[in-house]
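# Notes for the structure review
Listed below, chain by chain, are the residues.
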Amino acid sequence: MLILVSGGSGSGKSEFAEGLVVSSGLNERIYLATMQVWDAESVRRVERHRAMRAGKGFQTLECPTGLDRLEVPEHAAVLLEDLSNLSANEYFAPQGGGKAAFDRVLAGITKAAARADLLVVVTNELFSDGVRYDPETAAYLELLADLNRAIAAKADQVYEVVCGIPVAWKEVFT
């Protein structure tokens, strides 16, 4: 099963996504960490997420790029945190962005979803601020929007978390 969880910064999407994994009944829980740690703020975010996962049985795999080359364990519950970081890392990587980054990320999601019994993908809602961005940032945002739509189309369930409240946009029960 593939589930996409979207929401704004601080919306509660990570906590909701973790709850989906923990309540799945699957004992092997994999956390795919995508953040590249660059500064004190990113260190604080990583520490906060580690504290949220403490005692929940997650094994953390660092995956800032190359999800398409990663072998997640079969039949596990996998939480990818998050698509926005993974997409940015791939887009701005030396091997290039654009369609190649889209293909790498989507191939990784597809491969992980095929191996795991549950894959929960967390993404950010970054498109409502009305800000005009420089062309490179706008191109990255377009890539993320394209990936969000492609993954939502493949997903069995899609949620948006608003003020800590999950809103179901798509539910296909298998």
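In case you missed it, the structure is sitting above this.
Residues numbered from 1 in each chain as written. Predicted model: local features only at pLDDT ≥ 70, side-chain atom pairs only at ≥ 80, totals over all residues. Heavy atoms only, no water.

## Thoughts on the environment of L118
- Topologically, L118 is positioned in strand β5 (residues 118-124).
- The spacing of L118 and E47 is 71 residues in sequence and 25 Å in space, taken between C-alpha atoms.
- Not counting the four nearest positions on each side in its chain, L118 is found in contact with M1, I3, L20, V21, S24, L26, A76, A77 and V78. (Helix = DSSP H or I, 4+ residues; strand = E, 2+ residues; numbered from the N terminus. Contact = heavy atoms within 4.5 Å.)

## Details of the layout of surface pockets
- Taken as a whole, the largest pocket spans an internal volume of roughly 370 Å³.
- If you trace the largest pocket, you find 22 residues lining it, with S9, K13, R45, D82 and N124 closest to the centre.
- Take the lining of the largest pocket: its biggest share by element is four residues, from helix α2 (residues 40-53).
- For the lining of the largest pocket, the class distribution of residues is five nonpolar, 10 polar and seven charged. (1 Å grid on protein atoms, 1.4 Å probe; cavity = no way out; pocket = protein on both sides within 12 Å on 5 of 7 lines; lining within 4 Å. Points joined across faces, edges and corners; volume = space filled by probe spheres on them. Nonpolar A, V, L, I, M, F, W, Y, C, P; charged D, E, K, R; others polar.)

## Structural notes on helix α5 (residues 135-154)
- Spanning 20 residues, α5 covers 29 Å between terminal C-alpha atoms, matching the ideal 28 Å at 1.5 Å per step.
- The set of residues buried in α5 consists of Y140, L141, L143, L144, A145, L147, N148, A150 and I151.
- Against the buried residues of α5 lie β1 (2-7), α3 (83-91), α4 (98-115) and β5.
- Between the side-chain oxygen of the N-cap and the backbone nitrogen of E136 there are 3.1 Å, and the N-cap of α5 in question is D134. (Expected span 1.5 Å × (residues − 1). Buried < 20%, exposed > 50% of the residue type's maximum accessible area, 1.4 Å probe, protein only. Polar contact = N/O pair within 3.5 Å; in protein donor to acceptor, adjacent residues only side chain to side chain.)

## Quick word on the sheet that holds strand β7 (residues 165-171)
- Sheet architecture is open: seven strands sit in the order β3-β2-β4-β5-β1-β6-β7, paired in mixed fashion. At either margin of the open sheet sits one strand with a lone partner, and together these are β3 (58-62) and β7. Between one strand axis and the next, the sheet turns by 20° as a mean value, whatever way the strands run.
- Packed on one face of the sheet, helix α1 (residues 13-22) meets β1, β2 (29-33), β3, β4 (77-81), β5, β6 (157-162) and β7 and runs near 180° to β5.
- Of the strands in this sheet, β1, β5, β6 and β7 touch α5, which is tilted by about 140° from β1. (Pairing = 2+ DSSP bridges. Axes fitted to C-alpha atoms, helices over the stretch in contact; angles between N-to-C directions.)

## What about α1?
- Every buried residue of α1 is accounted for by K13, S14, A17, E18, L20 and V21. For α1, the angular spread of buried residues about the axis comes to 155°, placing them on one side. (Arc of directions from axis to C-beta.)

## Considering the pairing of β2
- Along β2, five of the five residues are buried, which leaves the element largely enclosed by surrounding structure.
- Neither face of β2 is exposed, since R29, Y31 and A33 on one face and I30 and L32 on the opposite face are all buried.
- Pairing geometry for β2 and β3, over five bridges, is parallel. Residue pairing in the sheet places A33 in a bridge with E62 of β3.
- Handedness of the β2-α2-β3 crossover: right-handed. (Right-handed = clockwise from strand over helix to strand, strands pointing away.)

## Quick notes on the packing of aromatic side chains
- Applying the stated rule across the entire model yields five aromatic pairs.
- Ring centres of Y31 and F58 lie 6.2 Å apart, and the angle between their planes is 85°; this geometry places the pair in the edge-to-face category. With a gap of 27 residues between them, Y31 in strand β2 and F58 in strand β3 connect regions that are remote in the sequence. Each member of the pair, Y31 together with F58, is buried.
- Look at Y91 and F92: their rings are 4.8 Å apart centre to centre, the planes differ by 85°, and that puts the pair in the edge-to-face class.
- By relative accessible area, which is 45% here, F92 ends up partly exposed. (Phe/Tyr/Trp six-rings, centres within 6.5 Å; stacked < 30°, edge-to-face > 60°.)

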